[in-house]
Amino acid sequence: MQTTLQIQNLKCGGCANTIITRLNELEDVNDITVDNDKHSVSFTYTVENTISTASELLSKLGYPIEGDANPLTKKAKSFVSCAVGRMNK
């Protein structure tokens, strides 16, 4: 199955790199693409609860799903994730 999640705080290639790297660590997530212009991440999966696992991970990284709470702490985490993604690119 494939899904696309609209996420918040996505700014650049550094963000995308962090998101792809960390989602690749999940067993059931494959074919990850990040679209900075549409503020979205797409991937394929086979186990139904993978979407909630991926959503939780994205939120922990500072990229909550559109419509979820986006407090200042999440925004700050996204800046850190972005910086890490730029250094690891």
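Focus: the side chain of Lys74
Next up, step 1: Topologically, Lys74 is positioned in helix H3 (residues 72–87).
Next up, step 2: With residues up to four places along the chain from it excluded, the contact list for Lys74 reads Asn9, Ser59, Lys60, Gly62 and Pro64.

Description of the packing of helix H2 (residues 50–61) against H3
Next up, step 1: Between H2 and H3, whose axes approach to 7 Å, the crossing angle comes to 85°. It follows that H2 is roughly perpendicular to H3 by the angle criterion. Across from Ser59, Lys60 and Leu61 in H2, the residues of H3 making contact are Lys74, Lys77, Ser78 and Ser81.
Next up, step 2: Of the residues in the contact of H2 with H3, the class split is one nonpolar, three polar and three charged.

So, the side chain of Asn9
Next up, step 1: Following the sequence through the fold, Asn9 ends up in the loop between strand S1 (2–6) and helix H1 (13–23).
Next up, step 2: Those residues in contact with Asn9 that sit more than four places away from it in its chain are Cys15, Gly62, Tyr63, Pro64, Asn70, Lys74, Lys75 and Ser78.

Here's the deal with the nonpolar core
Nonpolar side chains in soluble globular proteins generally cluster together in the buried interior.
Next up, step 1: Judged by nonpolar contacts, the single largest core of 19 residues is most densely connected at Ile7, Ile19, Leu23, Val41, Phe43, Leu58 and Tyr63.
Next up, step 2: Elements with a minimum of two residues in this core: H1, strand S3 (40–44) and H2.
Next up, step 3: Apart from residues lying up to four places away in sequence, Phe43 is in contact with Met1, Gln2, Thr3, Leu5, Leu23, Val29, Asn30, Asp31, Ile32, Thr50 and Ala54.

Criteria and thresholds
- Residues numbered from 1 in each chain as written.
- Predicted model: local features only at pLDDT ≥ 70, side-chain atom pairs only at ≥ 80, totals over all residues.
- Heavy atoms only, no water.
- Helix = DSSP H or I, 4+ residues; strand = E, 2+ residues; numbered from the N terminus.
- Contact = heavy atoms within 4.5 Å.
- Axes fitted to C-alpha atoms, helices over the stretch in contact; angles between N-to-C directions.
- Parallel < 35°, antiparallel > 145°, perpendicular 65-115°, else oblique.
- Nonpolar A, V, L, I, M, F, W, Y, C, P; charged D, E, K, R; others polar.
- Core = buried A, V, L, I, M, F, W, Y, C linked by side-chain atoms within 4.5 Å.
- Buried < 20%, exposed > 50% of the residue type's maximum accessible area, 1.4 Å probe, protein only.

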